[in-house]
Number of protein chains: 2
Amino acid sequence: MASRSDTKTRILDAAEKLFAERGFSETSLRLITSKAEVNLASVNYHFGSKKELIRAVLARYLDVFMPAASTAIKRLHTAPSQASLEEIFSALVDPLLDLNDLRTEGTTIFLQLLGRGYIESQGHLRWFITTHYGQHLDTFVKSVSASAPHIPQAEMFWRLHFTLGTIVFTMASADALNDIAAAEFGEHNDIEAVIRKVIPYMAAGVSVPVASK
Amino acid sequence: MASRSDTKTRILDAAEKLFAERGFSETSLRLITSKAEVNLASVNYHFGSKKELIRAVLARYLDVFMPAASTAIKRLHTAPSQASLEEIFSALVDPLLDLNDLRTEGTTIFLQLLGRGYIESQGHLRWFITTHYGQHLDTFVKSVSASAPHIPQAEMFWRLHFTLGTIVFTMASADALNDIAAAEFGEHNDIEAVIRKVIPYMAAGVSVPVASK
DNA sequence: ATTAATTTAAAACACTCGTTTAAATTAAAC
DNA sequence: GTTTAATTTAAACGAGTGTTTTAAATTAAT
């Protein structure tokens, strides 16, 4: 009786781990189904195709994270004073870390999936995210722009994409970087430590005055 | 008579474009050889394997860029005053742009390849780069560290990788971003303009004081 | 208890992949 | 000009991919 949705969940759980670790195209359905201990054909039965499985894996996180992030940012703006850039970025940390309650290593997996998705796929995931979660993204962009009014709109466009690159690249290779950092400096960082490291970097970059030339 | 090294070059030229556009594992040898108009088996004949072809593609750029970058940075340190972070990053701009003289779109292709290499492969490229060009990387890292002595070594490790992410992601999607910027803000940037935009962002992020907590 | 719908299972399909083989061709050396 | 070496070619190999099919088993509904 539990078998109905159990198979679906087993597939999603196994898939997200492997996708995050090895990337989407490097992870075969056979590897997923053997880890999940389900039949190969059940992926196509429950999800239709590998592409839709990838979207389902991401949606399971985005459906939780995006509303939580929006709420956190809107709550920040109920305060009388203008929120700083660091405050805005930091407001996303709790929604991110709460994903660890959703599933073990949820935060790490989600961020790595996001990074992989943006780098690997040529568009179908980017399209999926912007069309399904565009309003939440708007909330974030407007919030950042308001807190750095000295940055022209066009310049902010570029800097937010620099920021996207910073976070996405870092998360996609977070495991590898952590291994190096551990070997080289004896540092043992969890995902939260890396997030807290990257926030000041991004906030400083986004708000640095434009060169007068 | 020109056929000898011609085939090798045709393969490299076709491969680097495709690798930069679609990634390494997404690019088949059959696609490369058909674009290069050479026989499929000639890849294995001239390079041994796909893995070694990837390394050869990258080496062709690194052999030019790395010494040029090292020289530029060392020249900077002959001046009596300590070079600023922006000066150090800017010193890399010319060696980077000079790659456009090497091959059309050389700068963009090189940066995209670098990013793909760091994200995709689990280690063999990272190993290849650090063992073959480690001295040049050291020159750069030491130079940056000296100009931001308030940043601990381990923290600098992370920030330099944030920086790598910023530049690599930006360059990978520079064409698309430029199109949007042109349509949205009437801006028409070339690759150099984008590089000049990203330098203040990265310099600010790398040198921002570490949170005392 | 019987029927109907859902879910699982095993096998095959139709590709694509990197690599290898062996013959044909071209270039170089003597 | 003949022999030797280097290069190019076409074809096949073996392994891996996502997907589909067909049948069996399980579950739910009548």
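Refer to the structure presented above.
Residues numbered from 1 in each chain as written. Chains lettered and ligands numbered in written order. Predicted model: local features only at pLDDT ≥ 70, side-chain atom pairs only at ≥ 80, totals over all residues. Heavy atoms only, no water.

So, about the interface of chain A and chain B. Listed as interface residues are 39 residues of chain A and, on the opposing side, 38 residues of chain B. Summed over both partners, the interface of chain A with chain B comes to about 3600 Å²; 74% of that surface belongs to carbon and sulfur atoms. The three residues of chain A that bury the most area against chain B are A:Trp158, A:Phe169 and A:Tyr201, which together make up 24% of that side's buried surface. Counting across the chain A and chain B interface gives two salt bridges. Close ionic contact of B:Glu155 with A:Lys197 constitutes a salt bridge, the shortest N to O distance being 3.0 Å. At the surface where chain A touches chain B, the tally comes to nine residue pairs in polar contact (both at pLDDT 80 or more). When contributions to the side of chain A that touches chain B are tallied by element, the ones reaching two or more residues are helix 7 (106-120), helix 9 (153-172), helix 10 (174-185) and helix 11 (191-207) of chain A. (Contact = heavy atoms within 4.5 Å. Buried area = accessible area lost by both parts, 1.4 Å probe. Salt bridge = Lys/Arg side-chain N within 4 Å of Asp/Glu carboxyl O. Polar contact = N/O pair within 3.5 Å; in protein donor to acceptor, adjacent residues only side chain to side chain. Helix = DSSP H or I, 4+ residues; strand = E, 2+ residues; numbered from the N terminus.)

A few words on the relation of the copies chain A and chain B. Rotating chain A by 178 degrees about the axis while translating it 0.4 Å along that axis superimposes it on chain B, leaving an RMSD of 1.2 Å. Here the copies are linked by what is in effect a two-fold axis. It is A:Thr166 whose C-alpha, among those of chain A, lies nearest the rotation axis, at 2.0 Å. Interface overlap between copies is the fraction of interface residues in one copy that are interface residues in the other; for chain A against chain B it reaches 95%, indicating a shared surface. (Least-squares fit on C-alpha atoms with pLDDT ≥ 70 in both.)

Bringing the pattern of salt bridges into the picture now. Under the criterion given, the structure shown has 15 salt bridges over all chains. A salt bridge links B:Arg60 to B:Glu16; the nearest nitrogen and oxygen atoms lie 3.2 Å apart. Note that B:Arg60 is positioned in helix 4 (residues 50-76) and B:Glu16 in helix 1 (residues 3-22), a separation of 44 residues in sequence. Across the pair B:Arg159 and B:Glu155 runs a salt bridge whose closest N-O atoms are separated by 3.6 Å. Taken together, the residues span about one helical turn, with B:Arg159 and B:Glu155 both in helix 9 (residues 153-172) at a distance of four residues. Of the two residues, B:Arg159 and B:Glu155, both sit in the buried class. Beyond isolated ion pairs, a larger network of salt bridges with shared partners links A:Asp13, A:Glu16, A:Arg60 and A:Arg103. (Buried < 20%, exposed > 50% of the residue type's maximum accessible area, 1.4 Å probe, protein only.)

Moving on, we come to the environment of A:Asp98. Secondary-structure assignment places A:Asp98 in helix 6 (residues 93-102). Sequence separation between A:Asp98 and A:Lys50 is 48 residues, and the spatial gap between their C-alpha atoms is 27 Å.

What follows covers helix 7 of chain A. Helical geometry note: an α-helix holds 3.6 residues per turn, so side chains three or four residues apart project in the same direction. In this model helix 7 of chain A runs 20 Å from its N-terminal to its C-terminal C-alpha over 15 residues, within 8% of the 21 Å that 1.5 Å per residue would give. With 13 of 15 residues buried, helix 7 of chain A lies mostly within the body of the structure. (Expected span 1.5 Å × (residues − 1).)

As a further point, take the packing of aromatic side chains. On inspection of all chains with the given rule, the structure shows 19 aromatic pairs over all chains. For the ring pair B:Phe65 and B:Phe110, a centre distance of 5.2 Å and an interplane angle of 45 degrees mean the geometry is tilted. Separated by 45 residues along the polypeptide, B:Phe65 in helix 4 and B:Phe110 in helix 7 (residues 106-120) bring together distant segments of the chain. On the basis of relative accessible area, B:Phe65 is assigned to the buried category, the value being 10%. For the ring pair B:Phe128 and B:Tyr133, a centre distance of 6.2 Å and an interplane angle of 80 degrees mean the geometry is edge-to-face. A connected cluster of aromatic rings, assembled from ring pairs, spans A:Phe157, A:Trp158, A:Phe162, A:Phe185, A:Tyr201, B:Phe157, B:Trp158, B:Phe162, B:Phe185 and B:Tyr201. Here A:Arg103 stacks its cationic end above the ring of A:Tyr61, 4.7 Å away from the centre of that ring. (Phe/Tyr/Trp six-rings, centres within 6.5 Å; stacked < 30°, edge-to-face > 60°. Lys NZ or Arg CZ within 6 Å of the ring centre and 35° of its normal.)

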